[in-house]
Amino acid sequence: MQKVSTENGATQVVKIRQSDNVRKAYTFSESKRLWQEAQQLIPGGSQGTRSPMYPDFPNYFSRAKGCRMWDVDGNEFIDLLCSIGPIILGYAYDRVDNAVKTVIDNSFQSSGNHPVQLELSKLLIELIPCAERVRFLKTGTEATMAAARLARHITGRTNIAHCGYHGWTDMWRRGYGVDNSCGVHKGTWEPILPFNGTAESLEELFKKTTEKFAAVFLCPVDTKPFTKENYQNIVDVAHKHGALVIFDEIKSGFRTALGGAQELLGVTPDITTLSKGLGNGYPIAAVVGKAEYMEGMTKTPTIGTFSVEALSITAALATLKELKEKNVVEHLWRVGQRLIDGLNQICRDYNMDGPVAFADPVPSIFRFTWDPKMGNNCTHPAHNYFFGECIRYGLFFSNWHVGFVNYSHSNKDIDEALDICDFVMAKTKRKF
Ligand SMILES: Cc1ncc(COP(=O)(O)O)c(C=O)c1O
């Protein structure tokens with residue numbers, strides 16, 4: 001076991017080797033029973049990304065609090081996925097849930113608007129550098145679709161250049177092995193053209209494509225190098241060619257900095273999409289941007305029946321106030337770095353020259369992989385074995401996605417997670 005630093009920040013390494021019989025692997029009989037039942041109720045038995053990663057897997061959780069989750073078999077887990085990103089403060093976070101309860105008592109729906117929309121808009125405009133107007137939606141996919149439509153409406157152009165993942169809808173499906181047989185008409189994704197994340201590759205794409213571009217979309221977690229110079233060059237190339245720049249900060253928002261990657265790098269896009277961390281798990285997304293562009297939304301309607309419900313808007317307001325008042329981002333970076341350092345120390349201790357942990361692109365969003373080049377697609381058997389065993393011993397750590405920490409992860413929680421990793425790495429080393 002490695003304790004990498006003490007609560008006051010000093011570094012201290014403590015080694016306590018544990019033998020295999022100290023820990024007992026979890027069993028998942030009730031999860032497996034529910035999973036069987038689900039086959040007759042839900043297509044494929046699960047909601048896509050929530051499908052089991054391994055045959056031995058906690059498919060159902062009945063409770064979560066802070067950075068921990070309890071499955072239906074009563075097993076306790078430290079969570080390093082944070083519901084795939086949105087849990088930024090912690091599960092069942094009192095300040096957020098209590099704010100929501102007060103709105104429930106007075107109805108969170110009406111046939112008009114709730115005034116809390118204005119409060120949240122003001123705070124977003126204060127925090128996000130490019131924000132002068134705000135449109136609320138429910139999911140990240142909705143937000144990226146709305147931003148793309150807005151850019152097409154403003155420029156009168158169709159093509160969109162992009163780098164990264166932006167959601168499940170037809171337009172973003174290029175490269176996912178889909179065609180008409182999957183119900184995705186290629187006419188929707190053909191005008192969406194990828195570039196590799198550098199200004200040079202964007203310039204090349206512009207040069208070789210006859211039709212002009214409405215926008216350049218980039219996801220700051222996927223667009224590398226993550227430097228001011230690269231991002232500013234991308235903005236400059238896009239503007240030179242008359243395209244708007246849209247930062248998809250659905251993953252990076254509020255975790256890189258309170259104002260997102262654009263604040264951290266000092267590079268301001270025209271429009272930004274937000275979701276995930278915005279509502280600490282409540283379903284909310286937003287498109288924000290410069291007023292001259294955002295006013296275009298009055299001409300190209302991007303709104304749904306539930307866009308205005310006040311539960312998630314209230315949750316987002318309470319979340320942002322907490323993020324701002326408690327300096328949450330600094331905490332996320334610190335505990336994220338502690339985890340990264342601890343994982344790399346474990347790799348050194350066991351002489352593992354394959355796996356590496358790193359900030360992706362900042363310590364609050366991290367990756368641990370046997371193959372950094374493969375990202376989510378790493379198929380190294382030791383990689384899959386390690387993550388599968390972590391889950392069997394109480395650490396919910398994903399083999400296919402970047403990991404996240406939240407404000408409820410303390411140094412002690414991270415050290416406990418590292419203890420499990422250390423134990424599992426010993427098993428991995430023996431096996432591979
Ligand atoms: C950068 C980015 N954009 C868009 C999306 C889509 O968001 P949602 O899953 O809420 O539709 C995601 C989801 O992971 C994302 O990470």
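Residues numbered from 1 in each chain as written. Predicted model: local features only at pLDDT ≥ 70, side-chain atom pairs only at ≥ 80, totals over all residues. Heavy atoms only, no water.

Next up on the list: a nonpolar patch on the surface. On the surface, a nonpolar cluster with roughly 380 Å² of combined accessible area is contributed by Tyr165, Trp168 and Tyr176. Structurally, the position occupied by Tyr176 is in the loop between strand S5 (159-163) and helix H5 (186-189). Exposure remark for Tyr176: the relative accessible area of 42% places this residue in the partly exposed category. (Patch = residues over 30% accessible without salt bridge, like charges linked within 9 Å, V, L, I, M, F, W, Y side chains within 5 Å. Areas by Shrake-Rupley, 256 points an atom, 1.4 Å probe, with all protein chains shown as cover. Salt bridge = Lys/Arg side-chain N within 4 Å of Asp/Glu carboxyl O. Helix = DSSP H or I, 4+ residues; strand = E, 2+ residues; numbered from the N terminus. Buried < 20%, exposed > 50% of the residue type's maximum accessible area, 1.4 Å probe, protein only.)

The full set of residues close to the ligand is Thr139, Gly140, Thr141, Tyr165, His166, Gly167, Cys219, Asp248, Ile250, Lys251 and Lys276. In this structure, Gly140 approaches the ligand through a main-chain N or O atom, which is 2.9 Å from an oxygen atom. One nitrogen or oxygen atom from the side chain of Lys276 is found 3.0 Å from an oxygen atom belonging to the ligand. A total of 390 Å² of accessible area belongs to the ligand in isolation, and the protein chains cover 84% of it. Counted by class, the shell around the ligand contains three nonpolar, five polar and three charged residues. (Near = heavy atom within 4 Å. Polar contact = N/O pair within 3.5 Å; in protein donor to acceptor, adjacent residues only side chain to side chain. Nonpolar A, V, L, I, M, F, W, Y, C, P; charged D, E, K, R; others polar.)

It is worth spelling out the state of the cysteines at this point. Within this structure, the stated rule accounts for zero disulfides. Free cysteine: Cys347, not disulfide-bonded; nearest cysteine sulfur from Cys421 at 9.2 Å. (Disulfide = S-S within 2.5 Å.)

On to the sheet that holds strand S8 (residues 244-248). Taken in spatial order, the seven strands line up as S4-S10-S9-S8-S7-S5-S6 in an open sheet, and their pairing is mixed. Since the sheet does not close on itself, it has two edges, and those belong to strand S4 (133-137) and strand S6 (192-194), each with one partner. Looking at each pair of strands side by side, their axes are set apart by 20° on average, direction ignored. Contacts from helix H4 (residues 140-155) reach S4, S5, S6, strand S7 (213-218), S8, strand S9 (271-274) and strand S10 (285-289), with the element oriented near 150° to S7. Docked against the sheet, helix H7 (residues 228-240) engages S7 and S8, running at close to 145° with respect to S8. (Pairing = 2+ DSSP bridges. Axes fitted to C-alpha atoms, helices over the stretch in contact; angles between N-to-C directions. Contact = heavy atoms within 4.5 Å.)

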